[in-house]
Amino acid sequence: MAEPVIRHLPEIGITMISRWVFNCYLIHDGGDGRPFVVDLGLPSQVPLVRAELRRHQADLSDLGAAVATHGHVDHVGGLPTLRQEADTAVLLPA
């Protein structure tokens, strides 16, 4: 699998983690001071999200939620791993 490309966008409080065609967004403050993740992607993204959270003195357990824009595996495949490791709330579209 391709090496990840990580873009830090501190001016808007987002880190984008991309690998091949998968884009995951770590929002550093969801309005309540807690980070959340949008479109986590595949299970292989979880360690990358964990590492980025650590860069911001946070952990997976600090995530307020994981949000998916739709149910394709490249957006939700890692959610079971995230739930198992951190019991993170998951928000999905109807």
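Look a little higher up for the structure.
Residues numbered from 1 in each chain as written. Predicted model: local features only at pLDDT ≥ 70, side-chain atom pairs only at ≥ 80, totals over all residues. Heavy atoms only, no water.

Asks: An account of unusual backbone geometry is needed here, citing residue identities and associated values.
Replies: A positive phi angle, close to 55°, is found at aspartate 39, a residue other than glycine. Residue position: aspartate 39 is located in the loop between β4 (36–38) and α1 (46–55). In this structure, glutamine 57 is a non-glycine residue whose phi angle is positive, near 55°. Position of glutamine 57 relative to the elements: it lies in the loop between α1 and β5 (65–67). (Helix = DSSP H or I, 4+ residues; strand = E, 2+ residues; numbered from the N terminus.)

Asks: Could you give me a rundown of helix α3 (residues 79–86), with the residues and numbers involved?
Replies: Residues of α3 that are buried include every one of Leu79, Leu82 and Ala86, and no others. Around the axis of α3, the buried residues are gathered within 60° of arc, so they sit on the same side. Opposite the packed face of α3, turned more than 90 degrees from it, sit the exposed residues Pro80 and Gln84. Directly beyond the C-terminal end of α3, a positive phi value near 55° is found at aspartate 87. (Buried < 20%, exposed > 50% of the residue type's maximum accessible area, 1.4 Å probe, protein only. Arc of directions from axis to C-beta.)

Asks: A description of α1 should follow, citing residues and the corresponding values.
Replies: Looking only at α1, the buried set comprises Val46, Leu48, Val49, Arg50, Glu52 and Leu53. Contacts made by the buried residues of α1 are with β1 (5–9), β2 (14–19), β3 (22–27), β4 and α3. (Contact = heavy atoms within 4.5 Å.)

Asks: So, the side chain of arginine 19: which residues are in play, and what are the values?
Replies: As for its placement among the helices and strands, arginine 19 is situated in strand β2. One buried charge, arginine 19, has no salt-bridge partner; the nearest side chain with opposite charge is glutamate 3, at 5.7 Å. A polar contact is formed between the side chain of arginine 19 and the side chain of serine 44, at a distance of 3.4 Å. (Lys, Arg positive; Asp, Glu negative; His and termini not counted. Salt bridge = Lys/Arg side-chain N within 4 Å of Asp/Glu carboxyl O. Polar contact = N/O pair within 3.5 Å; in protein donor to acceptor, adjacent residues only side chain to side chain.)

Asks: So what's going on with the sheet that holds β3? Which residues, and what values?
Replies: Spatially, β1-β2-β3-β4-β5-β6 is the arrangement adopted by the six strands of the open sheet, whose pairing is mixed. The two strands at the open ends of the sheet, each matched to only one other strand, are β1 and β6 (90–91). Two elements, β2 and β3, share six bridges in a ladder whose sense is antiparallel. Considered in β3, the bridge of isoleucine 17 is made with cysteine 24. The strands touched by α1 are β1, β2, β3 and β4; relative to β2, the strand with the most contacts, the crossing angle is about 155°. (Pairing = 2+ DSSP bridges. Axes fitted to C-alpha atoms, helices over the stretch in contact; angles between N-to-C directions.)

Asks: Tell me about the side chain of histidine 75, residues and numbers included.
Replies: Structurally, histidine 75 is set in helix α2 (residues 73–76). Excluding residues that lie within four positions of it along the chain, histidine 75 makes contacts with Asp39, Leu40, Gly41, Ala68, Thr69 and His70.

Asks: Go over the pairing of β2, please, and point to the residues and values.
Replies: The buried fraction of β2 amounts to six of the six residues, a majority that puts the element mostly inside the structure. The alternating pattern of β2 places Ile14, Met16 and Ser18 on one face and Thr15, Ile17 and Arg19 on the opposite face, and all of these are buried. Both β1 and β2 contribute to a ladder of five bridges, which runs antiparallel. Bridging across to β2, leucine 9 finds its partner in isoleucine 14. Here β2 folds back onto β3 in antiparallel fashion, the turn holding two residues, of which tryptophan 20 has a positive phi close to 60°.

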